[in-house]
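Residue-level structural notes
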Amino acid sequence: MATQVRPDVPQPAPAHGARHVAIIMDGNGRWAKKRLLPRIAGHRAGVEAVRRVSRAAREMGLECLTLYAFSSENWKRPASEVADLMGLLRHFIQADLDEFHANGVRLRIIGNYKALEPSLVALIEDAVKRTAGNSGPIIAIALNYGAQDEMVRAAQALAQRVVAGEIAADAIGVGDIDATLDTADLPPLDLLIRTSGEQRLSNFMLWQAAYAELYFTDMLWPDFDANALAQALDAFRLRDRRFGGL
Ligand code: FPP
């Protein structure tokens, strides 16, 4: 039986040592194709994997799980697939928010989500607000997210503060950029997982991944589960992280 994590009780640090895991959930289309199903069936199965893995992350004591659900480049897909993904996202928030809330999860969004359809933006903001006071783990969903776009927005925000005389340009440091990115109040990224055998970052968390461990698996995202996450965390535990030191 799965262990129940009480969000209101401090948990011992988990043995794997990871606080923040991010996942590039790739391979929904190939999963569907292998079964002669339409791509939407792969995305639907992908949502089931999101549910499983969010629960597992909580049970395994992660402080934050960030999921790449829609990139700023995914608009290049056919309009029908974009609409399917937005529909699944809307349904996911409506159907799963109560469970997240009951388990003390804080829902967060990274990316330029405000460019999405206004009723979806309202739904997202309501869900984020409703769970903001919880004290359990964070599930951060990357929506209309691109790391380069995130960095451009951060540069613009810092430039505006320079123009307003709030900070000097040459005083801007790593900490200021950290604090201006969408991930400002998330724990440092420890482990970045990509499924489906592709070995690239695809404009995901480029700044935050500076010292993250990378883990690639051939498993397609709809097949990913608690065991697969545990395997990735086992691999993470064995990595020798030196952060540029010895
Ligand atoms: C990549 O598979 C996956 C995506 C572009 C979207 C990921 C979305 C989900 C898992 C469902 C929605 C998420 C939430 C949080 C409700 P692909 O289509 O690129 O697969 P392929 O490379 O095999 O074609």
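Look up: the structure comes first, before these words.
These numbers were taken from a predicted model, which means no experiment stands behind them.

With that out of the way, let us pick up the nonpolar core. Counting 46 residues, the largest nonpolar core has Val-21, Ile-23, Leu-143, Ile-193 and Leu-229 as the members making the most contacts within it. In terms of residues, this core owes the most to one element, helix H3 (residues 79–102), which gives 9 residues. Beyond its immediate stretch of four places on either side in the chain, Ile-23 contacts Val-53, Leu-65, Thr-66, Leu-67, Tyr-68, Ile-193, Phe-204, Trp-221 and Phe-224. Ile-24, Ile-110, Ala-142 and Ala-209 belong to the second largest nonpolar core, which has 17 residues in total.

Moving on: the site of the ligand. With respect to spatial proximity, 16 residues lie near the ligand, and among them Met-25, Gly-29, Arg-30, Arg-39 and Arg-77 are the closest. At a separation of 3.2 Å, an oxygen atom of the ligand approaches a polar side-chain atom of Asp-26. Arg-77 has a polar side-chain atom sitting 2.8 Å from an oxygen atom of the ligand. Calculation on the ligand without its partners gives an accessible area of 620 Å², and the protein chains cover 92% of this total. Put simply, the parts of the chain that give the shell around the ligand at least two residues each are helix H1 (28–34), helix H2 (39–59) and H3. Per element, the largest residue contribution to the shell around the ligand is 4 residues, and it comes from H2. Partitioned by chemical class, the residues of the shell around the ligand number 6 nonpolar, 6 polar and 4 charged.

What counts and how
Residues numbered from 1 in each chain as written. Predicted model: local features only at pLDDT ≥ 70, side-chain atom pairs only at ≥ 80, totals over all residues. Heavy atoms only, no water. Core = buried A, V, L, I, M, F, W, Y, C linked by side-chain atoms within 4.5 Å. Buried < 20%, exposed > 50% of the residue type's maximum accessible area, 1.4 Å probe, protein only. Helix = DSSP H or I, 4+ residues; strand = E, 2+ residues; numbered from the N terminus. Contact = heavy atoms within 4.5 Å. Near = heavy atom within 4 Å. Polar contact = N/O pair within 3.5 Å; in protein donor to acceptor, adjacent residues only side chain to side chain. Areas by Shrake-Rupley, 256 points an atom, 1.4 Å probe, with all protein chains shown as cover. Nonpolar A, V, L, I, M, F, W, Y, C, P; charged D, E, K, R; others polar.

Read these as spatial facts, not as claims about activity.
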